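Notes for the structure review
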Amino acid sequence: MNPDNDAGHGRSGVSRRSFLGGGLVAAAVTPLLNATAEAEAAEAASATADGVAQVLVRAAVNGAPVTVLVDPRATLLDTLRERLDLKGTKKGCDRGQCGACTVHVDGRRVLSCLTLAASTTGHKVTTIEGLADGDRLHPMQQAFIDHDGLQCGFCTPGQIMSAVAMVDDEGPARSDDEIRERMSGNICRCSAYPRIVDAIRDAQQVMR
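Residues numbered from 1 in each chain as written. Predicted model: local features only at pLDDT ≥ 70, side-chain atom pairs only at ≥ 80, totals over all residues. Heavy atoms only, no water.

Some points on empty space enclosed by the protein
We count it as follows: Space inside and on the surface of the protein is sampled on a 1 Å grid over the protein atoms alone, with a cavity defined as a set of points where a 1.4 Å probe fits but cannot get out and a pocket as an open set with protein on both sides within 12 Å along at least 5 of 7 lines; lining residues have an atom within 4 Å of a point. Grid points are joined across faces, edges and corners, and a volume is the space filled by probe spheres set on the points. Only runs of H or I of at least four residues qualify as helices and only runs of E of at least two qualify as strands under DSSP, and these elements are numbered from the N terminus. For this scheme, ten residues count as nonpolar: Ala, Val, Leu, Ile, Met, Phe, Trp, Tyr, Cys and Pro. Four count as charged, namely Asp, Glu, Lys and Arg, and the remainder, Gly too, count as polar.
In this structure the tally under the stated criterion is 2 cavities of 30 Å³ or more. Quantified by volume, the largest cavity comes out at close to 80 Å³. Secondary structure elements with two or more residues in the lining of the largest cavity: β1 (55-61), β2 (64-70) and α2 (76-83). When its residues are assigned to classes, the lining of the largest cavity shows 10 nonpolar, 2 polar and no charged. In this model, the second largest cavity occupies a volume close to 40 Å³. The residue makeup of the lining of the second largest cavity, split by class, is 6 nonpolar, 4 polar and 3 charged.

Take a look at the structure:
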């Protein structure tokens, strides 16, 4: 009698030795399979629908830490509106020509439709939603209301964000003509320009 066979094993052709050997192999392979599956799952989770690997963005948005996975081609504008639900930043021309999408990155005005979200990692992003101090409006916001510096209001968030950075980051304008020149990148299709200039002129006096 084959010593490797005993009752019930002879007919099946499976020995204790082969059974135990196979179990050891399986035990050794299982962790490798699990590790591979975990790696594949992590890779799948970090890929977009068209197979482009996503990037992790860590930034401060309106004073709050934000961590989000984004397509490396995603603009800051789309990320703010579609991923973070900050709809105050408007999508106008989507080509960097109208200024409706203006936000601040580290206090400087940028066109969010031309800024990659991935480039804001480690930086501070401020949108129109983060400009007020609780219920207290920023002086520029209040001036736009006081001077009725808007009609349809679509361009207003971008106008205000641009004007705030113009004063805080670049210094107050010395004349109405200078305000017009420095705000030339922000288009108002309703042509409320005279009242916008009045609002900026008064606000920068308070902001000083």
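After that view, the rundown keeps rolling.
Section: the side chain of T120
Worth spelling out the cut-off: Buried residues are those whose accessible area, probed at 1.4 Å on protein chains only, stays under 20% of the maximum for their type, while exposed residues exceed 50% and partly exposed ones sit between those limits. Side-chain atoms alone can form a polar contact between residues adjacent in sequence; in general such a contact is a pair of N or O atoms within 3.5 Å, and within protein one must be able to donate a hydrogen while the other accepts it.
With respect to the element layout, T120 can be found in the loop between β4 (108-111) and β5 (124-126). Accessibility expressed as a relative area gives 4% for T120, which makes it buried. A distance of 2.7 Å separates the side chain of T120 from the backbone oxygen of A117, its partner in a polar contact.

Here we look at α2
The following threshold applies: The contact criterion used throughout is that any non-hydrogen atoms of two residues lie within 4.5 Å.
Every buried residue of α2 is listed here: L76, L77, T79 and L80. Taken together, the buried residues of α2 touch β1, β2, β3 (102-105) and β5. Backbone geometry just after α2 places D85 at a positive phi near 60°.

Describing helix α6 (residues 193-207)
Note the following rule: Given a helix with a known number of residues, its expected span is that number minus one, times 1.5 Å. This arc corresponds to the set of directions leading from the helix axis out to the C-beta atoms.
With 15 residues, α6 ought to run about 21 Å at 1.5 Å a step, and its terminal C-alpha atoms sit 21 Å apart, in line with that. When we look at burial in α6, the residues that qualify are I196, V197, A199, I200, A203, Q204 and M207. The arc enclosing the buried residues of α6, seen along the axis, measures out at 160°, which places them on a common side. Along α6, the residues that are exposed and aim more than 90 degrees away from the buried face are P194 and V206. Looking at the buried side of α6, the elements it contacts are α3 (139-146), α4 (156-170) and α5 (176-182).

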